[in-house]
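A look at the structure
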Amino acid sequence: MSDVKLPEVKPIDPRTRMVARAARDITPGMVVNLGIGLPTKVINHLPADLPVCLHTENGMTGIGPTLPYEKADRNLIDAGGAYVSPVSGSAYFDSVVSFALVRSGRLDLTMLGAFEVAQNGDLANWKIPGKFSPGAGGAIELAQKARRVVVMTTHTDRKGNPKLLERCSLPLTAERAVDRIFTDMAVIDVTPEGFALRELAEGVSVTEVIAATGAKLILPDTDIPTF
Amino acid sequence: MKLPDKSTSLEAAVARIPDGATVLVGGFGVPGTPFSLIRELQRQGQKDLTLVKNDANEAGMGIDHLLASGQVKKLIVTHLGLNANAIAMMNDARLEVEFCAQGILAERIRAGGAGIPAILTDIGIGTELALGKQVVEMNGKPLLVEPALRADVALIHADRADPFGNLAYAATARNFNPPMAMAATIVIAEAERLLPLGDLSPEEVETPGAFVDQVVELPEISEDYGVVRR
């Protein structure tokens, strides 16, 4: 046995792995809106030199790194309330302009959280009747009008119930909106035929994904890549 | 020729708001919320108000004071998830809440400020937000009729103003302020700095003073406007 210590390999938790994988879908030139919660964390996994324009619906394009409280500008937040910084070329605008950008098709990609996603792309992420109904904010327009809508969510809820379903049981945010779903277990596309498995998280089996999914899962003929 | 001077005190400006008024309130979170006008409205105690705002601020902040004092009958918002008091009042039916998609709220206010009676949109089709709304068909597609929102009063927070009411804003403190500043019978703006006529360049004016009725210079920037450490 050598005394040389190998560098300790940090185990990556499944959520971080999902966030890092989602970041790879952001490509040069895109205008991107990252929703509140997990999607916001995608910023930490984007290469610093990637030419991409981040939009936040409270009225800014060109979002830079989040600032600690002592360096924060009290007038500069993102839609989730985080104190952010500008980059060279940032712009500020009002809510009318911000949503004109969303609805007119200028937003290439949005990443949103979800309570439920149906196999036809229906998205529910704003209301659990009787328990949680804070309003949808900008989510309806983001889900309905971004050119590509990607959902980031745990594959099941806290009780282990599937969140990917044949039909949503909760009130919808938007119909037939979702193109792709990143979970802690898999990357799944919404296709005209239903959910199609594209990638597996490392250490997760196809059988486990099928068991955790509440709808038919279309499997590829070829080997399934891992992330 | 000299432009009229609309500068006044907080007290006199807010005294123009009657009971039962519909009031547009600027702001998205803390930035752009007219905290001083809101506190004066709480002090004067006008009742049965309908407030239109992006969000309900947070518990103990901004319009939450007006909710707590029972001055608000109805709230038209896009989201109130950060204010547990507002959610509790809504759940107990002590407060009527109308939810609106964020950009549609902005566009309804813009229409109200632009003299347009309603807009047509496909936003919300297939969701609860479409329930009870008039639907028209255009080019074979169903569209919702969203009525313009024009209010009795707008409460605006500006970074800089001049006595005529020309307004300029800071960073993401714009949000709903510019469209709201065009969409009410009485538009009241508080400003962090009131500059002499001519010191606010025509190039930097975002809201022309012709839309604005009263301008109030804030005597101090209270901690309401500061960075929130959550």
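Up top is the structure these notes are about.
Bear in mind the structure is a predicted one, so any value in this text is a computation, not a measurement.

Helices and strands together make up the secondary structure of chain A, namely 4 helices and 13 strands. Each of the three principal axes of chain A carries a C-alpha extent, and together these read 60 × 50 × 35 Å. Counting all 227 residues of chain A, 52% fall into the buried class. Sequence-distant contacts, at least 24 apart, represent 60% of the contacts inside chain A between residues at least 6 apart.

For the rest of this paragraph, the subject is the packing of aromatic side chains. Residues and elements named next belong to chain A. Counted by the stated rule, this structure contains 4 aromatic pairs over all chains. Their ring planes at 75° and their centres at 6.3 Å tell us that Y69 and Y83 sit as a pair that is edge-to-face. Taken as a pair, Y69 in the loop between strand 3 (60-66) and strand 4 (84-92) and Y83 in the loop between strand 3 and strand 4 lie far apart in primary sequence, 14 residues in all. Using a relative accessible area of 31% as the deciding quantity, one classes Y69 as partly exposed.

In this assembly, 38 residues from chain A lie in contact with 41 residues from chain B. Inspection of the chain A/chain B interface yields 4 salt bridges. Between E128(B) and K127(A) there is a salt bridge; the shortest N-O distance is 2.9 Å. Joining chain A to chain B, the criterion identifies 20 residue pairs in polar contact (both at pLDDT 80 or more). Class assignment for the residues of the side of chain A that touches chain B results in 18 nonpolar, 11 polar and 9 charged.

All names here are of chain A. Tracing the sequence through the fold places H155 in the loop between strand 8 (149-152) and strand 9 (164-165). We classify H155 as buried; its relative accessible area is 0%. Separated by 2.8 Å, the side chains of H155 and T213 make a polar contact. Apart from the residues within four sequence positions on either side, H155 is in contact with P162, K163, L164, T183, D184, M185, I188, V209, A212 and T213.

This paragraph deals with the layout of surface pockets. The volume enclosed by the second largest pocket comes to roughly 340 Å³. Lining the second largest pocket are 13 residues; nearest its centre among them are Q144(A), K145(A), D122(B), I125(B) and K141(B). Elements that contribute at least two residues to the lining of the second largest pocket include exactly helix 3 (139-145) of chain A together with strand 7 (141-147) of chain B. Taken together, the residues of the lining of the second largest pocket sort by class into 6 nonpolar, 1 polar and 6 charged.

What follows deals with the sheet that holds strand 9 of chain A. Residue and element names in this part refer to chain A. If you walk across this open sheet you meet the 3 strands as 7-6-9, and the pairing is mixed. Looking at the sheet topology across the chains shown, the edges are occupied by strand 7 (123-124) and strand 9. Sheet analysis places strand 6 (residues 116-118) next to strand 9, joined by 2 bridges and oriented parallel. Counted as the bridge partner of A118 is L165 from strand 9.

All names here are of chain B. Of all 6 residues in strand 3 (residues 72-77), 5 are buried; the element is thus mostly enclosed. When strand 2 (residues 49-52) meets strand 3, the two strands line up parallel, connected through 4 bridges. Paired with V52 across the bridge in strand 3 is I76. Bridge count between strand 3 and strand 4 (residues 96-99): 4 bridges; the pairing is parallel. Following the sheet pairing, I76 is matched in strand 4 by E98.

Evaluated as defined, the whole model comprises 27 salt bridges over all chains. Two residues, E107(B) and R103(A), come together in a salt bridge whose shortest N-O distance is 3.3 Å. In this pair, E107(B) is assigned in helix 5 (residues 102-113) and R103(A) in helix 2 (residues 95-103), connecting two distinct chains. Between K74(B) and E96(B) there is a salt bridge whose closest N-O contact spans 3.8 Å. Of this pair, K74(B) sits in strand 3 while E96(B) sits in strand 4, and the two are 22 residues apart along the sequence. Residue K74(B) is classed as buried on the basis of its relative accessible area, which comes to 18%. In this structure, a network of salt bridges that share partners links the residues R21(A), D25(A), R180(A), D189(A), R198(A) and E199(A).

How each quantity is defined
- Residues numbered from 1 in each chain as written.
- Chains lettered and ligands numbered in written order.
- Predicted model: local features only at pLDDT ≥ 70, side-chain atom pairs only at ≥ 80, totals over all residues.
- Heavy atoms only, no water.
- Helix = DSSP H or I, 4+ residues; strand = E, 2+ residues; numbered from the N terminus.
- Buried < 20%, exposed > 50% of the residue type's maximum accessible area, 1.4 Å probe, protein only.
- Contact = heavy atoms within 4.5 Å.
- Phe/Tyr/Trp six-rings, centres within 6.5 Å; stacked < 30°, edge-to-face > 60°.
- Salt bridge = Lys/Arg side-chain N within 4 Å of Asp/Glu carboxyl O.
- Polar contact = N/O pair within 3.5 Å; in protein donor to acceptor, adjacent residues only side chain to side chain.
- Nonpolar A, V, L, I, M, F, W, Y, C, P; charged D, E, K, R; others polar.
- 1 Å grid on protein atoms, 1.4 Å probe; cavity = no way out; pocket = protein on both sides within 12 Å on 5 of 7 lines; lining within 4 Å.
- Points joined across faces, edges and corners; volume = space filled by probe spheres on them.
- Pairing = 2+ DSSP bridges.

Any link to function would need more than the numbers given here.
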